[in-house]
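One-letter residues, chain by chain:
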Amino acid sequence: MAAAWGERPLDAVVASDIEAMQRQIAATARSRRNSRGGRRAGEHVIAAARAIYNRAIADGFLPAAASPAHRVVKPRRLPSTRRALTPPELEQINLAARSSGNDVILDALLLRLHTETACRRGGALALRLDDLDTIRGLVRLTEKGATLRWQPITLDLAAHLDEHARTRGAVLPTDRLLRYCNGQAITSRRYDHLWARLGKRLPWVATQGVSTHWLRHTTLTWVERHFGYGIARAYAGHTDATGPATTTYIKADLQAVATALTAMTGQPHPLATTEDRAGP
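Residues numbered from 1 in each chain as written. Predicted model: local features only at pLDDT ≥ 70, side-chain atom pairs only at ≥ 80, totals over all residues. Heavy atoms only, no water.

(A) Local environment of the pattern of salt bridges. The tally for this structure, following the rule as stated, stands at 18 salt bridges. The residue Arg168 makes a salt bridge to Asp103 at a minimum N-O spacing of 2.6 Å. With Arg168 in the loop between α7 (155-167) and α8 (188-201) and Asp103 in the loop between α4 (87-98) and α5 (104-117), this pair connects stretches of sequence that are 65 residues apart. Connected through shared salt-bridge partners, Arg128, Asp130, Asp131 and Arg140 make up one network. (Salt bridge = Lys/Arg side-chain N within 4 Å of Asp/Glu carboxyl O. Helix = DSSP H or I, 4+ residues; strand = E, 2+ residues; numbered from the N terminus.)

(B) Representation of the packing of helix α10 (residues 212-227) against helix α11 (residues 229-236) in the model. Put simply, α10 and α11 touch, their axes get as near as 7 Å, and they point 150° apart. For the element pair α10 / α11, the angle class is roughly antiparallel. Judged by the twist between their axes, the crossing of α10 over α11 is right-handed. Contact residues: Arg216, Thr219, Leu220, Val223, Glu224 and Phe227 in α10; Tyr229, Ile231, Ala232, Tyr235 and Ala236 in α11. Looking at side-chain class alone, the contact of α10 with α11 contains 8 nonpolar, 1 polar and 2 charged residues. (Axes fitted to C-alpha atoms, helices over the stretch in contact; angles between N-to-C directions. Parallel < 35°, antiparallel > 145°, perpendicular 65-115°, else oblique. Left-handed = near helix turned anticlockwise from the far one by under 90°. Contact = heavy atoms within 4.5 Å. Nonpolar A, V, L, I, M, F, W, Y, C, P; charged D, E, K, R; others polar.)

(C) Representation of the pairing of strand β3 (residues 147-152) within the structure. In terms of strand pairing, strand β2 (residues 138-143) meets β3 through 6 bridges, oriented antiparallel. For Thr142, the partnering residue across the bridge sits in β3 and is Leu148. Here β2 hands over to β3 after 3 residues, with Gly145 in that stretch at a positive phi of 75°. (Pairing = 2+ DSSP bridges.)

(D) Examining α8 more closely. Counted at 1.5 Å a residue, the expected span for α8 with its 14 residues is 20 Å, and the 21 Å between its end C-alpha atoms agrees. Burial in α8 covers these residues: Arg190, Tyr191, Leu194, Trp195, Arg197, Leu198 and Gly199. In this structure, the buried residues of α8 make contact with α4, α5, α6 (121-125), α9 (203-208) and α10. (Expected span 1.5 Å × (residues − 1). Buried < 20%, exposed > 50% of the residue type's maximum accessible area, 1.4 Å probe, protein only.)

(E) Representation of the packing of aromatic side chains within the structure. Evaluated as defined, the whole model comprises 1 aromatic pair. Relative to Phe227, the ring of Trp222 lies with its centre 6.1 Å away and its plane at 40°, an arrangement referred to as tilted. Overall, Trp222 belongs to the partly exposed group, its relative accessible area being 25%. (Phe/Tyr/Trp six-rings, centres within 6.5 Å; stacked < 30°, edge-to-face > 60°.)

(F) Representation of the nonpolar core within the structure. The biggest cluster of nonpolar side chains holds 21 residues, and the ones touching the most others in it are Leu113, Leu132, Ile153, Leu161, Leu177 and Leu178. If near-sequence neighbours (up to four positions away) are discounted, Leu132 is found in contact with Leu138, Val139, Ile153, Ala158, Leu161, Asp162 and Leu177. (Core = buried A, V, L, I, M, F, W, Y, C linked by side-chain atoms within 4.5 Å.)

(G) Fine view of the side chain of Asp131. Relative to the assigned elements, Asp131 resides in the loop between α6 and β1 (132-133). Only 2.8 Å separates the side chain of Asp131 from the side chain of Arg140, close enough to count as a polar contact. For Asp131, the contacting residues outside a window of four places in its chain are Ala126, Leu138, Val139, Arg140 and Trp150. (Polar contact = N/O pair within 3.5 Å; in protein donor to acceptor, adjacent residues only side chain to side chain.)

(H) View of the sheet that holds β3. Within the open sheet, the 3 strands sit side by side as β1-β2-β3. Their pairing is antiparallel. For this open sheet the edge positions go to β1 and β3, each flanked by a neighbour on one side alone. Along the sheet, helix α12 (residues 254-265) contacts β2 and β3; its crossing angle with β3, the most-contacted strand, is approximately 50°.

Shown next as structure tokens:
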């Protein structure tokens, strides 16, 4: 926007200008394996323009009704192509990760961490040494929207994560948990490298655009099918108030999430309880 209209005042930009930019960006968006014809790029143009005009309105430079960005309709978001992986597909991915690459220990830990916790990439990358509780089998996840929660993991995974971090140079409580062999903390590029390699070894991974987020779908789908929506919601770390009013009454606690983890992994957890499916 600054490059295209840098010399124009905010009130000189009209809705058709923003719509034209949206179409241009969508048409020239970089093609990726999960591209949808530039729809998301076009959507981001409108979102960015609305953010700028919202701030201009809040600062008193424009009246609320003067925003041209809010008069442009966002493209309808298409249904996601992500789905839960089948057990054989998940097994193939883990086998390929453990038998290729320059750091199979790190890659195996990444896949296991995301499968057990259903966390997002940002949550895993932000983990520090003091976010790991090896006694109670918990990790403290900080994810989008600055949400923070303790998530159960198996004691076996907790021990391996602790060993991984300490043998690769983590000493201070604030040191990152996931690290390369040289001791440096990993970045999102490790995920890109991992899925590119898996796509070469498993063509269906590349064709369908499988990514780390598919592991989240896989775990949460399993939890919902076996333990219901309320526990799946807690497992996912969803705390927003949107949705049916009944979400107010079906909040699950940490023990319920740990119980679901125990059933999924077949490993005991210190916070898991014997599930009572009897009526109230």
